[in-house]
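# Observations on chain architecture
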Amino acid sequence: MELQPGREAVVRVAVATLWSSPEAVRAVDGPALTAGVDIPTWVSGLDTDQQVGDCVLSQLLLGERVLIDELRPDGWARVVAVEQPAAKLDPRGYPGWLPADQLTPHDPVVVGGDPLVVDATVTGLHAAPDGPVVLPGVVVGTRLVAAGPARDGWRAVHVPGRAAPLWLPDGHVVAPQSGPPGATDALAVAQRLLDVAYIWGGLSAYGIDCSGLVHLAWRRFGVFLPRDADDQAVATTPLDLGAERPGDLYFFARPGRKIHHIGIVTAAADGSTDRRMLHACYRRRRVVEEPLPADRTATLVGVHRV
């Protein structure tokens, strides 16, 4: 099978970056563009201005589905990330560009096993139990398919674009949750990303933005919220300010402007305690947990529940 416009494909690398256009990529982006993508090296090479460059739109995880709209002769694919809702941009999902060699044709018939979700913050896939890592950097929320039962603490999984299964520690994956998660369950996933670098469009344990943090935390439990903060507000349930609990969402907007920021409630104001939130902070270029400063409180426009 080959990649074809009009058909679905899946991501074959641990984390693929979705770009605004092939022409927008910078020299520093090289490690994120190859078939052997190296997201940690890419993130570590970015300066504080490059961390917030608007050439990055989002990121996609291993096995994530896309619809191919166009294949260019220079190796780029224009795609729609169908598992990242973005109603204002495209009703099919989040649109953007990927290197085509980070994709493989979607084969919905995978024989062998039950669905699994990566619960480790970061893990690697090995050629054999205790063997060398051949696909590093697989992050929490990645969905895999078991290639058989656990064996001596290891689990074989099918991997897109590879004929032979790969292995990871059995404790790094869990069965998908059957019902919706509790808010504090998603908060606990987000808390594992404390101090991760802020990357505009980031959606991994190496770099993430404010709405990406929310999307990834709920995605771990099979809840696919929209990718952007303003769409996340539309997809969640408003509460009265003061009714929030840990795991709810704070939304922020300047007067007359659309929502531009989101955080996850970690403590509600109760007379003796200030409002606190966990968020990927553009200003501090990392994920932080902190009380809402005065300027944040001035732009707080709502609290919602997933």
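The structure under discussion appears in the preceding block.
The structure contained in this document is the topic of the report that follows.

Summarising the element assignment, T17 is placed in strand β2 (residues 15-19). Take T17: its relative accessible area is 0%, and that puts it in the buried class. Here Q59 takes part through its side chain, which lies 3.0 Å from a polar atom of the side chain of T17.

Below, the discussion takes up unusual backbone geometry. You will see that D152, though not glycine, has its phi angle at about 55 degrees, which is positive. The class of D152 is exposed, set by a relative accessible area of 76%. Phi at D195 is positive, roughly 75 degrees, even though this residue is not glycine. Position of D195 relative to the elements: it lies in the loop between α2 (183-191) and β15 (197-198).

Now for α2. Taken as a whole, α2 has its buried residues at A186, L187, V189 and A190. All buried residues of α2 lie within an arc of 155 degrees about the axis, which places them on one face of the element. On its buried face, α2 is in contact with α3 (210-219), β19 (261-267) and β20 (276-281).

Our next topic: the packing of aromatic side chains. All told, the structure shown has 3 aromatic pairs when counted by the stated rule. Considering the side-chain rings of W19 and W42, the 6.1 Å spacing of their centres and the 70 degrees angle between planes classify their relative orientation as edge-to-face. Note that W19 is positioned in strand β2 and W42 in helix α1 (residues 39-44), a separation of 23 residues in sequence. W42 carries the same exposure label as W19, and that label is buried. Judged by centre distance (6.4 Å) and plane angle (85 degrees), the rings of W200 and Y282 are edge-to-face. With W200 in the loop between β15 and β16 (207-208) and Y282 in the loop between β20 and β21 (286-291), this residue pair connects regions lying 82 residues apart in the sequence. W200 sits in the partly exposed class, given a relative accessible area of 37%. Taking relative accessible area as the criterion, Y282 reaches 38% and is therefore assigned partly exposed. Here the aromatic cluster, defined as three or more aromatic residues joined through ring pairs, consists of Y198, W200 and Y282.

Rules of the game
Residues numbered from 1 in each chain as written. Predicted model: local features only at pLDDT ≥ 70, side-chain atom pairs only at ≥ 80, totals over all residues. Heavy atoms only, no water. Helix = DSSP H or I, 4+ residues; strand = E, 2+ residues; numbered from the N terminus. Buried < 20%, exposed > 50% of the residue type's maximum accessible area, 1.4 Å probe, protein only. Polar contact = N/O pair within 3.5 Å; in protein donor to acceptor, adjacent residues only side chain to side chain. Arc of directions from axis to C-beta. Contact = heavy atoms within 4.5 Å. Phe/Tyr/Trp six-rings, centres within 6.5 Å; stacked < 30°, edge-to-face > 60°.

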